[in-house]
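# Results of the structural survey
One-letter residues, chain by chain:
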Amino acid sequence: MKLSDIIKNITYSGEGDCEIERIEYNSLKSCRGDLFVCLPGAKRDGHDFAYSAYDKGTRAFLCERRLDLPEDAIQIITPDTRAALAVIAADFYGRPAERLHLIGITGTKGKTTTALLVAAILNAAGKSCAYIGSNGVIINDRRIETVNTTPESLQLHHYFALMVAEGVEYAVLEVSSQALMHNRVDGLPFEVTAFTNLSPDHIGEGEHSDFEDYKNAKKRLFDRFDAKCVVYNADDEVSEYMISGHRGQRLSFSLEGEADLTATEPMLYRGETSLGIAFDSVERDVTIPVRLMSPGAFSVYNGLCAIGICKQFGVSRDFAARVLSRTPVQGRFEIVEGTPGITFVIDYSHNGFSLTKALCTLREYNPRRIICVFGSVGGRTQCRREELAKAASEYADYSIITSDNPDFEKPENVIAEIASHMGDAQYECITDREEAIKKAVSMARVGDIVLFAGKGHETYQLICGRKVPFSEREIIEEACASLAIN
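Being a predicted model, the structure only gives us computed values, none of them experimental.

## Some points on the sheet that holds strand β10 (residues 190–195)
Strand order in this open sheet of eleven strands is β8-β7-β6-β9-β5-β10-β11-β12-β13-β14-β15, and the pairing throughout is mixed. At either margin of the open sheet sits one strand with a lone partner, and together these are β8 (142–144) and β15 (286–292). Averaged over all pairs of adjacent strands, the angle between their axes in this sheet comes to 20 degrees, without regard to strand direction. Relative to the sheet, helix α4 (residues 111–124) contacts β5 (101–106), β6 (129–133), β7 (136–139) and β9 (170–174), its axis offset from that of β9 by approximately 170 degrees.

In structure tokens form, the structure reads like this:
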């Protein structure tokens, strides 16, 4: 594709044309035939790596300022390379998003679960639906690992092109605040958008400066995209503010008051190894019973939101309810079958708010004890460590503090910082997460609930920049099997 055709829909200055085979923003992957896009980041600026790309054969550059490159380098200058990337990526891949029914879900909690439930319902209804979010990219049961909850725009349009090529008609996306702030979803033709809830998160160096910045980043999904309908949580105190800029239809859901879609008679259930919640979904005095394979009031919100979204595409509440009754979500209050009478739960709760909610939800099932295995990521979001410690010390009966993606920070340092805030709570520290899991399994007794928090769906440990294979589910199952044999 000609460079001139790729950049025709952006604002730019500069001259020159050539054939472009790929668009790239990682200098380590750049080569001859690429258009190298210089993206500014929180820690590194892509402009600083342009010469490295040039040395690898790249001769076309999209940048925000003129660079000191040899004369044969074509430099296209644009005011915002991130915003420009969203436009040129769409054009380069032939605008595949326009051939899909797109659903965008944002909020602090519930994005992953709701999105995966939506995909499950639509697929069961014969409406081929792909998923993009924290659990990667799922296209026709094929899963692709990703780095970000919402990938960069270049990857997004690549995935959309794959979806179209494989006959997919619908796609549901988790839309993160970072994606909205950094133009990753610019120009996407969302048909339905959804708001789950809002609480402080992702605030700190390299993320959002404060809660207002975080909140307003989320709000962009409803202000800047002309979705036909917004589905929103009427019980969240900021919901009206969040959707105030939306000009299309609205569908509200609630557990506490009046809304288009409400839940009544919620009832917890606990099996030999399972947990869940059942409720009645009510719309215009028509009641449909719903049973979910995950516990707690927040699961009801996720279920209502998924039902509301799928309703916009002609799926009945009754059909959606039947699908929900048999649909677990990987890494989100995921139950691991292990030892009869003991409930093992894997969840992604990785900050103080989510861990508190998770532990309080589990407490409602009247366990003999709650044992909590958790840690915190290294190198960032240090403020989470005290929050996590306070949640565990207050709501768990016993805690095992361990590693959670330490990356380049010493895990012992992260663990020690968490432990310093545990007060008089009962806990121990085990650096090796596998050993921590085995210890929790071995000490659990009938009636206990063991929560493994922080990793959720992840199948790796991030250590010194490397993703080391790590399956929490497999370790739990193997530990349970070993105890049964012995």
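Now, onward.
## Side note on α4
Taking 1.5 Å per residue, 14 residues should reach 20 Å; α4 reaches 20 Å between its end C-alpha atoms and fits that length. Burial analysis of α4 places eleven of its 14 residues in the buried class, the great majority of the element. Once α4 finishes, Gly 126 follows within two positions and takes phi at roughly 85 degrees, a positive value.

## Considerations on the sheet that holds strand β2 (residues 34–37)
Through backbone hydrogen bonds, the strands of a sheet pair up, either in parallel or in antiparallel fashion. Read across the sheet, four strands follow the order β1-β2-β3-β4 without closing on themselves; strand pairing throughout is parallel. Each end of this open sheet is capped by a strand with a single partner; those strands are β1 (22–24) and β4 (74–77). Direction aside, the axes of adjacent strands within the sheet are offset by 20 degrees on average. Sheet contacts for helix α3 (residues 81–92): β1, β2 and β3 (60–63); angle to β1, the most-contacted strand, approximately 160 degrees.

## Details of the packing of aromatic side chains
For the structure on display, the rule yields ten aromatic pairs. Aromatic side chains Tyr 170 and Phe 313 sit 5.3 Å apart centroid to centroid with 90 degrees between the ring planes, which places their arrangement in the edge-to-face category. Linking Tyr 170 in strand β9 with Phe 313 in the loop between α9 (297–311) and α10 (317–324), this pair joins segments that are 143 residues apart in sequence. A relative accessible area of 9% means that Tyr 170 is categorised as buried. Note on Phe 313: relative accessible area 10%, which makes it buried. Over the ring of Tyr 241 we find Lys 215, and its NZ or CZ is 4.7 Å from the ring centre. A cation sits over an aromatic face here: Arg 291 above Tyr 269, 3.6 Å from the ring centre.

The rules behind the values
- Here, residues in each chain are numbered from 1, in the same order as that chain's written sequence.
- Confidence filtering applies because this is a predicted model: local features only for residues at pLDDT of at least 70, side-chain atom pairs given and counted only at 80 or more, and all residues used for totals across whole chains, interfaces and linings.
- Based on all heavy atoms of the structure, the side-chain values leave hydrogens and waters out of the count.
- Strands are labelled as partners when DSSP assigns at least two bridges between them.
- In this text, helices come from DSSP runs of H or I with a minimum length of four residues, and strands from runs of E with a minimum of two, each type numbered from the N-terminal end.
- Think of each axis as a best-fit line through the C-alpha atoms, taken over the contacting stretch in the case of a helix, with angles from 0 to 180 degrees between the N-to-C directions.
- Whether two residues are in contact is decided by their heavy atoms, any of which lying within 4.5 Å being enough.
- What a helix should span is 1.5 Å times the count of its residues minus one.
- Residue burial is assigned from relative accessible area. The probe radius is 1.4 Å, only protein chains are included, and a residue is buried under 20% of its type maximum, exposed over 50%, and partly exposed in between.
- Ring pairs shown here join Phe, Tyr and Trp side chains whose ring centres sit within 6.5 Å, with only the six-membered ring taken for Trp; geometry is labelled stacked below 30 degrees between planes, edge-to-face above 60, and tilted in between.
- Only Lys NZ and Arg CZ are tested; either one counts as a charge over a ring when it is within 6 Å of the ring centre and within 35 degrees of the ring normal.

Coordinates in, geometry out; function isn't part of it.
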